[in-house]
Amino acid sequence: MTTVCHRPEGLEQLEAQTNFTKRELQVLYRGFKNECPSGVVNEETFKQIYAQFFPHGDASMYAHYLFNAFDTAQNGSVKFEDFVTALSILLRGTVHEKLRWTFNLYDINKDGYINKEEMMDIVKAIYDMMGKYTYPVLKEDAPRQHVEVFFQKMDKNKDGVVTLDEFIESCQEDDNIMRSLQLFENVM
């Protein structure tokens, strides 16, 4: 059986499209190729890699949602270009770009809105990923409470869904969210 390998676009083109230098792209590419020798990662491999970061929990559902956000072509695979473009936004993008990317992650069905069911699925996936051994111990209805607080804060017009504009406006009004968006700015 032959493996089809994917070669990424030229580094100069990726350098122009992202917030990474040529050297940083080379380092990222080596790491990507080390984990994904074919140059493309499918969802199962992505889940296996992601699970290593959360050994005490079940990261499979959150990894599924994350994979779908990285898989912009919705073809079941993430190429290096997809990976590095998303990483560029998450690490070095503007506040608006980071919030738009996060909204897209939460908008599971891609209809342009976040509804309570989607948010519940995301929150449950995060709780599963963190595992049963969190401190303090979480109550059984913690995910539902989390979603209710999210909607009270974000659903400005109280129509039962959160739009991109409502999401961005609410996040920009929240100092904790704004600080968290800056956490990884100096990672590389």
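Residues numbered from 1 in each chain as written. Predicted model: local features only at pLDDT ≥ 70, side-chain atom pairs only at ≥ 80, totals over all residues. Heavy atoms only, no water.

Remarks on the overall build of the protein chain
- For the protein chain, the count of helices and strands is 10 helices and 4 strands.
- Of all 188 residues assigned to the protein chain, the portion counted as buried reaches 38%.
- Put simply, 56% of the contacts in the protein chain that link residues at least 6 apart link residues at least 24 apart. (Helix = DSSP H or I, 4+ residues; strand = E, 2+ residues; numbered from the N terminus. Buried < 20%, exposed > 50% of the residue type's maximum accessible area, 1.4 Å probe, protein only. Contact = heavy atoms within 4.5 Å.)

Observations concerning helix H7 (residues 116–130)
- Given a rise of 1.5 Å per residue, 15 residues ought to cover 21 Å, and the 21 Å separating the end C-alpha atoms of H7 matches this to within 8%.
- For H7, the complete set of buried residues consists of Glu118, Met119, Ile122, Val123, Ala125 and Met129. Buried residues of H7, viewed axially, fall in a sector of 155°; they line one side.
- Structurally, H7 contributes buried residues whose contacts are with helix H3 (43–51), helix H4 (60–70), helix H6 (95–106), strand E3 (113–115) and helix H8 (142–154).
- For H7, the side-chain oxygen to backbone nitrogen distance between the N-cap and Glu117 is 3.0 Å, and the N-cap itself is Asn115.
- A positive backbone phi angle near 90° is found at Gly131, which sits one or two residues after H7. (Expected span 1.5 Å × (residues − 1). Arc of directions from axis to C-beta. Polar contact = N/O pair within 3.5 Å; in protein donor to acceptor, adjacent residues only side chain to side chain.)

With respect to the packing of aromatic side chains
- Within this structure, the stated rule accounts for 14 aromatic pairs.
- Pairing Phe32 with Phe80 gives two aromatic rings, centres 5.5 Å apart and planes at 65°, and the pair type is edge-to-face. One end of the pair, Phe32, is in helix H2 (residues 22–35); the other, Phe80, is in helix H5 (residues 80–92), and 48 residues separate them in sequence.
- The structure contains a cluster of three or more aromatic residues connected by ring pairs, namely Tyr29, Phe32, Phe46, Tyr50, Phe53, Phe54, Tyr62, Phe67, Phe70, Phe80, Phe83 and Trp101. (Phe/Tyr/Trp six-rings, centres within 6.5 Å; stacked < 30°, edge-to-face > 60°.)

Describing the nonpolar core
- Counting residues in each nonpolar core, the largest one holds 45 residues, and the members touching the most others are Leu66, Leu105, Ile114, Met119, Phe150 and Phe167.
- The element that contributes the greatest number of residues to this core is H4, accounting for 7 residues.
- Composition of this core by domain shows at least three residues from each of domain 1 (19–93) and domain 2 (98–187).
- Residue contacts for Leu105: discarding those within four places in its chain leaves Tyr62, Tyr65, Leu66, Ala69 and Ile122. (Core = buried A, V, L, I, M, F, W, Y, C linked by side-chain atoms within 4.5 Å. Domains from an automatic or database assignment.)

A short note on the UniProt feature "domain: EF-hand" (unreviewed entry) in the protein chain
- Those places that UniProt annotates as "domain: EF-hand" (unreviewed entry) correspond, in this numbering, to residues 58–93, 94–129 and 142–177.
- Structurally, residues 142–177 comprises 69% helix and 8% strand, and the distance from its first C-alpha atom to its last is 19 Å. (UniProt positions renumbered as here; feature names shortened; annotations may be inferred.)

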